[in-house]
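Observations on the three-dimensional arrangement
What follows is the residue order along each chain.
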Amino acid sequence: MRKFVFFGGKGGVGKTTMSSAYAVKCARDGVRTLLVSTDPAHSTSDVFDQSFTDEPAAVADEPNLDAMEIDPETEVREHLMETKRAMGDQVSPAMVNEIDRQIEMAHQTPGAYESALFDRFIDVMRSADEYDRVVFDTSPTGGTLRLLSLPEYLDGWIQRLLHKRKESVKLFERAAIGNNEPRRMMDGDPIIARLEQRRDDFSFAKETLRDDAAFFLVVNPDELSLRETERAIDQLDDYGLDVRGLAVNRLTPEPDPEESGRGATFLRERVKTEREHLDGLRENFSPPLVAAVETRVAEVKGDFLGEVAAELDIDTAPDVQ
Amino acid sequence: MTLAARIESFRELVEEWLRGLYHGMISHPAYEKIEQQAEDDEDAFMLACFPDAFGIPSPISYYTAELLPYLEDEFEAWERRMWDRGSLLERKGHQYHF
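As a starting point, this report considers the structure included with it. Since this is a predicted model, take the numbers as computed values, not measurements.

**A closer look at the packing of aromatic side chains**
All names here are of chain A. Under the defined criterion, the tally for this structure stands at 13 aromatic pairs over all chains. With 6.3 Å between their ring centres and 85° between their planes, Phe-48 and Phe-52 make a pair best called edge-to-face. Comparing Phe-48 with Phe-52 shows no difference in burial state: the two are buried. Summarising the aromatic geometry, the rings of Phe-121 and Phe-136 are spaced 5.0 Å apart at their centres and angled 15° between planes, so their arrangement reads as stacked. With a gap of 15 residues between them, Phe-121 in helix α5 (residues 111-126) and Phe-136 in strand β5 (residues 133-137) connect regions that are remote in the sequence. Its relative accessible area of 0% is what places Phe-136 among the buried residues.

**Examining the pairing of strand β2 (residues 33-37) of chain A**
All names here are of chain A. Burial of β2 is extensive: five of the five residues sit out of reach of the surface. Judged by which residues are buried, β2 turns out to be covered on both faces: Thr-33, Leu-35 and Ser-37 on one side and Leu-34 and Val-36 on the other are all buried. The sheet contact formed by β2 and strand β4 (residues 65-69) spans five bridges and is parallel. Residue Val-36 lies in a different strand from β4, and its bridge partner there is Met-68.

**Here's the deal with unusual backbone geometry**
Residue and element names in this part refer to chain A. Even without glycine at this site, Asp-49 takes up a positive phi of about 50°. Looking at where Asp-49 falls in the secondary structure, it is placed in the loop between α2 (44-48) and β3 (57-58). The exposed category is assigned to Asp-49, whose relative accessible area is 61%. Its identity is not glycine, yet Asp-61 carries a phi of approximately 70°, on the positive side. By relative accessible area, which is 76% here, Asp-61 ends up exposed.

**Focus on the environment of Phe-54 of chain B**
All names here are of chain B. Of note, Phe-54 is situated in the loop between α1 (3-49) and α2 (61-64). On the accessibility criterion, Phe-54 (47% relative accessible area) is partly exposed. Residue contacts for Phe-54: discarding those within four places in its chain leaves Leu-47, Trp-78 and Met-82.

**Comments concerning the interface of chain B and chain A**
Each partner contributes to the interface: chain B provides 35 residues, whereas chain A provides 45 residues. The largest contributions to the chain B side of the interface with chain A come from Tyr-62, Tyr-63 and Tyr-70 of chain B, which together make up 21% of the buried area. In this structure, the connection of chain B to chain A is made through six salt bridges. When the shortest N-O distance is used, the salt bridge between Glu-42 of chain B and Arg-184 of chain A registers 2.6 Å. Take the side of chain B that touches chain A: its biggest share by element is 14 residues, from α1 of chain B. When its residues are assigned to classes, the side of chain B that touches chain A shows 20 nonpolar, five polar and ten charged.

What counts, and at which threshold
In this convention, every chain numbers its residues from 1, walking through the sequence in written order. Here the convention is simple: chains get letters from A, ligands get numbers from 1, in the order in which they are written. The model is predicted, so local features are restricted to residues of pLDDT at least 70 and side-chain atom pairs to those at 80 or more, both for listing and for counting; the totals for chains, interfaces and linings are taken over all residues. Water and hydrogen atoms were dropped before computing side-chain values, which therefore reflect all heavy atoms in the structure. Between 30 and 60 degrees the pair is tilted, below 30 it is stacked and above 60 it is edge-to-face, where a pair is any two Phe, Tyr or Trp rings, Trp via its six-membered ring, whose centres lie within 6.5 Å. Only protein chains enter the accessibility calculation, which uses a 1.4 Å probe; a residue whose area is less than 20% of its type maximum is buried, one above 50% is exposed, and one in between is partly exposed. Strands are runs of DSSP state E lasting at least 2 residues, helices are runs of H or I lasting at least 4, and numbering of each runs from the N terminus. For two strands to be treated as a pair, DSSP must find at least two bridges joining them. Contacts were defined at the residue level, with two residues in contact if any of their heavy atoms lie within 4.5 Å. Accessible surface is computed with a 1.4 Å probe, and the buried area is the amount of it that two parts give up when combined, taken over both parts together. Salt bridge, as used here: a side-chain nitrogen of Lys or Arg that lies within 4 Å of a carboxyl oxygen of Asp or Glu. Any residue that is not Ala, Val, Leu, Ile, Met, Phe, Trp, Tyr, Cys, Pro, Asp, Glu, Lys or Arg is counted as polar, Gly included; the first ten are nonpolar and the last four charged.

Pasting the structure below:
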C-alpha cells in the first residue's frame, strides 16, 4: 500500500469508522501509522474516547498509532495573524488600515477554508517522515474533491502571477536610466520568492497525491450513496488519482431462516435490495470491493474497531520502492 | 585663446547639445514607455492578485493576501493609477507628448 491513504465518501457513510479501523489494522501489523482527521465534526475523538489536537498524539493502548485533528478555522485565523504580523514589520502606519481591510477580506472568502486545510495537508505530508503510513479521514466528497483538485488549479494561477511579476520587474530594471536605481529588482524580490515557494508547495502536493497516495471510497448500499460514489470515482480518475477500492458499510444483517416476524420480513426485504445494489457495485464500478461491513448494534468504538478492521481486505504493508 | 582651444570648446558644446537632444528625443521617451509598460504589467499583476478589491471573488486571494505586506508601494501606486486613469486610450496616448 502507498504511504498516504485517503478515505472519502458521502456524509454519514462511516468514513471515520473505516479510516480508524484501517489505521488500527496498520498499527497492529507493526506499521507506524498516523491518523489525520480533517472533518470539522471530528469524530475520531469519539471513536477512541480520547481528545486529539492539531499535533500528532499517541493513541492509548495502540503502540504504533498516533492521531491528530485539523481544524481549518484555527488555521485560517493563524494565517491571518501571521500576515498581519508581517504587515506590522513592513508597512508604514499610514498604509496599514488600507491593507488591513484587504487582508481581512481575503480571509473571509469561501476559498480560505479550503486553502487553509490544503496548506495543512501539505504540511502533514511533508513532515510525515517518521511514519510509514498516514491515513486521512476526509470531509464529505464534495469538499474533498475540491481540495484534491486545488494543486492542479492553483499551480496554474501561481505560474501566471509569477510570470506577470517577473515581466514587470524586468521592464522596471530596463527602464532605469544610467545610474538610476530601478524601481524593482529581480534579486531578492520578496514577492517572487513567496510565489516560488507556493509553486513548489503545489507541485509537491500534485506529485505526492498522484504517485504516493491511494484512495478508498466508503459506500452505503443505497441509491444515493452509489450515485455519488460513481461521480467521485470519475472525478478522481480525471485528476489522475489512484482509486484502489470501495468499502461498503452498513450492510443489513440477514435474519435466521426460521424467523418470520415483521422484523424478519423487513430485514429480508432490505437485504434483498442491498444485494442488488451490491451486485450493481461489483458489475458497474471498476475499483474492487475491499470490504463489506455489517451494521453494528452499538457505536463502533474500542473493541468493535478491531472487528471492523478484521473485515477490511486492504493490505497494510508498505509498497516496496 | 588659441584656435585649437576654441575648436575644442566648440566641440564640447556641440557634443553636450547632441547628447541632450538624443536623450530628450530618443532615449527618455523610450525609457518612459518601458516604465509605463512595466506599470501596466504590474497593474495586471495586482488585479490578478486582488480582484476582490473590486468585488470580484478570487479563488486564491487567501494566498495572495500574504503578499500584501511586501506590496505596500505597489498597492498604493496601483490604487492611485486606478483612480487616475480615465481610459485606456488616455493612458496609452499620454506617452506621445502631443
